[in-house]
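Chain by chain, the residues run as shown.
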Amino acid sequence: MSHAVPVRFRLDGLSCGACAGRAEQALAAAPGVSSARVSLATQTAEVAGGTPADWSAALAEAGYPARSTRVILQVEGMHCGSCAARVTRALEAVPGTVTASVNPVSGRAVAEILDGATDPQALAAASRDAGYPARPAGADAPPSAAAEAKAGGALARDLAVAAALSLPVVLLAMGGHMIPALHRWIGQAVGQEVNWALQFALTTAVLAGPGRGFHRRGWPGLIRGRPDMDALVALGTGAAWAYSTVVLFLPGLLPAAARDVYFEAAAVIVTLILAGRWLEARARGRTGAAIARLGGLRPETAQRLRPDGTEEALPLEAVLAGDLLRVRPGGRLPVDGVVTRGTSPVDESMLTGEPLPVEKGPGAQVTGGTVNGTGTLVIRATAVGAETVLARIIAMVEAAQGARLPIQALVNRVTLWFVPAILAIAAVTVLAWLVLGPEPRLVHALVAGVAVLIVACPCAMGLATPVSIMVGTGRAAGLGVLFRRGDALQSLAGARIVAFDKTGTLTEGRPELTAIHCTGIWRAETLLPLVAAAEQGSEHPLARAIRAAHEGPLPALEAFEALPGRGLRATVAGHEIRAGNRALLGAVPQELAGPVAAAEARGESVMLVAVDGAVAGALALADRPKPDTASALTRLRGEGLRLVMVTGDSAAAAGAVAAGLGIAEIHAGLQPGDKRAVIETLKAEGRTVFVGDGINDAPALAAADVGLALGTGTDVAMESADVVLVSGSLAGVASALEISRATLRNIRQNLAWAFGYNIALIPVAAGALYPFGGPLLSPVLAAGAMSLSSVFVLANALRLRRAAGGPGRRGGSRGGQGRRGA
């Protein structure tokens, strides 16, 4: 939304007057900007005109990004898509809001705001002014199960009361049509006026009790010109009640043919809609099961060791980084940490999908939420609270579940204007019946108008997309696939090409040193210690293999520099060491050409080593494909995808691995920038997915239409990716694709039903079939149909809980922590 009033916010990257000038020029050139001023002293910008999204894009391209914050709100009172659309529009109207996404299913709104321009309280106030009370919520604090159960219990109580009060009304009004004896008894024992008076009393109790929420929320929205579903219900039931009350107490105001009451319609409509909302609430609870299961993996307390060796139990939120914690057999690890004492097998299946426990001892990394085995461990906490792996996983799942897919933009625009359009259709319907309809015209006009109002509530349309997103991303999380960006769920469905890094992605990332070939005076026993010492500064899989191959003390490492995509430069015991690929060291010396070519023909990786500027040798390392790589690639081929290898390794080594996996297209010997260029080229040929794990993969992950990073890879890779595969198993790629396609298919089914339902039933409710001998749709039947349409959408979305999970999905392999990757 364009802001004519100047908005002030903070920037990053300003270091001189020239920086401020360039940032100011970039802002001034953004669409719609009327004025822009950047201050180096305060590191802020002040802009009028245009939109925050355009400002952010312009500044990011110029290299001076706007600082932004992600805000989560818990919003109350949303029942349909038009509610969510109004909250979205209210949040986007707050100066400084870049984007806003609202999920009516979870009741959560996620907004990105420019730092210094606004704050969470301003967003909450905007939502409240729109008629939907809101409060800031923590990113790791989803609505508690207790709160959801309380809301569901309140709905159940309201439904029970409404049903108990409505049943006598139905019997008094319609029982005589079904049971002649009851009709005679009512006529003799009660009489029509008393009958109607009883219906009036009971229906008024329904509207004032269980149904008061519809009127409390609906009428203010109608008065403010922002009607929603509650306004339709309030208007429909209020019209039926008011008309019937006039018939009962002021019959002289109406012609004799029009003197009939419709109290049962008002009472039963409220009861049926409450029943639909209760069913929706139960189904929504099931859609959030993934978050609940993840949250349940965290223990509530931890056992902290005091300096004197005694223990104290404390709440999980009181644990601090550096605390020593004891974990007994069978207990869950409370936080991420490092084992300091004890050995025990740890079940990490929640992360890796591998059913076999992993033996942990002193120095081993452990993750909060995993399950300790038969031994007692003492761990030192390294990450607590929102910094733990489990908390970050929960945050990613929540972000994806609250995302707004591109397909939802159209739905939001439609639902925003849908309710006003229905009010107009209802008004035209009433007018048409009053002018053109047969007697009793007023009765027909009332029945048709109320039926249109009730049948057209846009619940199903509003639920169609978010409920499918919630269930789909929840199912993906259960399979170890985390969508960091919700729109990746839609982009992935259209993928045509999948490109893979090699080392640590297609292969295990746990290579072994197979041979050392030396030149001149060098020998394996003198060269290996120098290289192993140099590799102490690296976390690359090849580095770990070289260190593991050397036994005994290492020379001193005096300096180290990682060269992503090429290798490293280090100083060891006074010698300058360079170790890496041809991009770092150039051509292979003649005396090493034969052994290097033979090693690469076997699919082995070759590391060239130079000491003090002269090539001293080559190290050959073998890295096997992951056990489930072949089956995962078979699943992807079955989906009609084109598979490509994009690697920094040599063409010979890459070709040997690719041949064994059936990958025909190979791009080898690439630097990080080259990988990005290859992905850009592939994107021009079809929607491209890139799968990688190392720092050198980050540019390609960011450039791809969808980037998938292995959870066993580097933080840089995961931050650059749209989707994270927690286990490191490539089976997750196929699962992600299958879930993406199933979710988009489910959304289309829901939208087809929701729009088709309204297109079909609104004319019927308006009485379009009546001139041709067809029926008028009863408002009661309209309420039932409307409630069932929402339940259908929810039930259809819940089918996604069985999506994907094809062959090999549980066989997650622990890849290496690739820093430079091939």
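Scoring rules and cut-offs
Residues numbered from 1 in each chain as written. Predicted model: local features only at pLDDT ≥ 70, side-chain atom pairs only at ≥ 80, totals over all residues. Heavy atoms only, no water. Helix = DSSP H or I, 4+ residues; strand = E, 2+ residues; numbered from the N terminus. Buried < 20%, exposed > 50% of the residue type's maximum accessible area, 1.4 Å probe, protein only. Contact = heavy atoms within 4.5 Å. Core = buried A, V, L, I, M, F, W, Y, C linked by side-chain atoms within 4.5 Å. Phe/Tyr/Trp six-rings, centres within 6.5 Å; stacked < 30°, edge-to-face > 60°. Pairing = 2+ DSSP bridges. Axes fitted to C-alpha atoms, helices over the stretch in contact; angles between N-to-C directions. UniProt positions renumbered as here; feature names shortened; annotations may be inferred. Salt bridge = Lys/Arg side-chain N within 4 Å of Asp/Glu carboxyl O. Patch = residues over 30% accessible without salt bridge, like charges linked within 9 Å, V, L, I, M, F, W, Y side chains within 5 Å. Areas by Shrake-Rupley, 256 points an atom, 1.4 Å probe, with all protein chains shown as cover. Parallel < 35°, antiparallel > 145°, perpendicular 65-115°, else oblique. Left-handed = near helix turned anticlockwise from the far one by under 90°. Nonpolar A, V, L, I, M, F, W, Y, C, P; charged D, E, K, R; others polar. Arc of directions from axis to C-beta. pLDDT = per-residue confidence, 0-100.

1. A word on the overall build of the protein
Summing up its helical and strand segments, the protein has 28 helices and 29 strands in all. Among the 822 residues that make up the protein, the fraction classed as buried is 52%. In the protein, 70% of the contacts between residues at least 6 apart in sequence involve partners at least 24 apart.

2. Concerning the nonpolar core
Grouped burial of nonpolar side chains is what soluble globular proteins tend to show. With 106 residues, the main nonpolar core has Phe500, Leu636, Val691 and Leu708 as its most contacted residues. Per element, the largest residue contribution to this core is 14 residues, and it comes from helix H27 (residues 731-766). With residues near it in sequence (within four places) discarded, Val691 still touches Val498, Ala499, Phe500, Asp501, Thr505, Leu708, Leu710, Leu730 and Val733. Counting residues in each nonpolar core, the second largest holds 22 residues, with Leu530, Ala532, Ala570 and Ala616 among its members.

3. Structural notes on the packing of aromatic side chains
Going through the model one piece at a time under the given rule, you end up with seven aromatic pairs. When the ring of Phe200 is compared with that of Phe249, the centres are 5.2 Å apart and the planes differ by 85 degrees; the resulting orientation is edge-to-face. With Phe200 in helix H7 (residues 192-208) and Phe249 in helix H9 (residues 229-249), this pair connects stretches of sequence that are 49 residues apart. Put simply, the rings of Phe200, Trp241, Phe249 and Phe263 pair up and form one aromatic cluster.

4. Quick look at the sheet that holds strand E26 (residues 665-667)
Here seven strands make up an open sheet; going across it, the order is E17-E29-E28-E27-E18-E25-E26 and the pairing mixed. Two strands in the sheet have a free side with no partner beyond their single neighbour: strand E17 (481-483) and E26. When strand polarity is set aside, the average angle formed by the axes of neighbouring strands in this sheet is 20 degrees. Pairing of strand E18 (residues 497-500) with strand E25 (residues 642-646) involves four bridges; the strand directions are parallel. Bridged to Ala499 within E25 is Val644. Strand contacts of H27: E17, E18, strand E27 (688-692), strand E28 (706-710) and strand E29 (723-725), with the helix running at about 50 degrees to E17, the strand carrying the most contacts.

5. Quick look at the UniProt feature "transmembrane region" (unreviewed entry) in the protein
According to UniProt, the "transmembrane region" (unreviewed entry) feature falls on residues 159-182, 194-211, 232-255, 261-279, 414-436, 442-465, 751-770 and 776-800. Helix makes up 89% of residues 261-279 and strand makes up 0%, while its end C-alpha atoms are separated by 30 Å.

6. Description of the pattern of salt bridges
Evaluated as defined, the whole model comprises 20 salt bridges. Notably, a salt bridge pairs Glu46 with Arg8, separated by 2.8 Å at the nearest N-O pair. You can see Glu46 sitting in strand E3 (residues 44-49) and its partner Arg8 sitting in strand E1 (residues 7-10), a full 38 residues away along the chain. Here Lys675 ties to Asp697 by a salt bridge, and the two come within 2.7 Å at their closest N and O atoms. You can see Lys675 sitting in helix H24 (residues 672-683) and its partner Asp697 sitting in the loop between E27 and helix H25 (698-703), a full 22 residues away along the chain.

7. Observations concerning the pairing of strand E16 (residues 377-383)
Side chains on a regular strand alternate between the two faces of the sheet. Most of E16 sits inside the fold, with five of its seven residues counted as buried. As defined by bridge partners, strand E10 (residues 324-327) adjoins E16 across four bridges and the pair is classed as antiparallel. In the strand pairing of E16, Leu325 is matched with Ile379. Sheet topology places strand E11 (residues 336-341) next to E16; five bridges connect them, and they run antiparallel. Pairing of Val339 across the sheet is with Ile379, part of E16.

8. Comments concerning the pairing of E18
Neither face of E18 is open: one carries Ile497 and Ala499, the other Val498 and Phe500, and all of them are buried. Of the strand pairs in this sheet, E18 and E27 are connected by four bridges, and their pairing is parallel. Across the sheet, the residue bridging to Ile497 is Thr688, located in E27.

9. Quick word on a nonpolar patch on the surface
A cluster of nonpolar residues, Leu431, Leu434, Val435, Leu436 and Leu442, forms a patch on the protein surface that exposes about 470 Å² of accessible area. Of all the elements, helix H14 (residues 406-436) adds the most residues to the nonpolar patch, at four residues. Considering the arrangement of structural elements, one finds Leu436 in helix H14. For Leu436, a relative accessible area of 71% gives the class exposed.

10. Overview of the packing of helix H15 (residues 441-455) against H27
Relative to each other, H15 and H27 sit at 165 degrees, their axes nearing to 8 Å. Our classification of the angle between H15 and H27 gives roughly antiparallel. The crossing of H15 and H27 is right-handed. Across from Ala448, Ala451, Val452 and Val455 in H15, the residues of H27 making contact are Tyr757, Asn758, Leu761, Ile762, Ala765 and Ala766. Grouping the amino acids of the contact of H15 with H27 by side-chain chemistry returns nine nonpolar, one polar and no charged.

11. Examining helix H22 (residues 629-638)
Those residues of H22 lying buried are Thr629, Ala632, Leu633, Arg635 and Leu636. Across the axial projection of H22, the buried residues extend over an arc of 155 degrees, all falling on one side. Looking at H22, the residues exposed on the side facing more than 90 degrees away from the buried face are Thr634 and Gly638. In this structure, the buried side of H22 is in contact with E18, E25, helix H23 (651-661) and H27. One or two positions beyond H22, positive phi appears at Gly640, with a value near 80 degrees.

12. Considerations on the environment of Val430
Examined against the element boundaries, Val430 turns out to sit in helix H14. Residue Val430 is classed as partly exposed on the basis of its relative accessible area of 28%. As for Val430 and Ala448, which are separated by 18 residues in sequence, their C-alpha atoms are 6.9 Å apart. Not counting residues up to four positions away in its chain, the partners in contact with Val430 are Ala445 and Gly449.

13. Let's talk about the sheet that holds strand E9 (residues 311-315)
Here six strands make up an open sheet; going across it, the order is E9-E8-E10-E16-E11-E14 and the pairing antiparallel. Every interior strand has two partners, whereas the edge strands, E9 and strand E14 (365-366), have only one. With five bridges connecting them, strand E8 (residues 301-305) and E9 associate as antiparallel partners. Bridging from a neighbouring strand, Thr301 pairs with Pro315 of E9.

14. Observations concerning the confidence of the model for the protein
Reading fine detail from the predicted coordinates is not recommended where pLDDT is low. Summarising the model, the protein shows a mean pLDDT of 82, and 86% of its residues fall at 70 or more. Counting contacts from residues 139-145, a segment whose pLDDT is below 50, to residues more than four positions away or on other chains yields 16 contacts. Residue range residues 807-822 is modelled with pLDDT below 50. Its contacts to residues more than four positions away, or to other chains, number 77 contacts.

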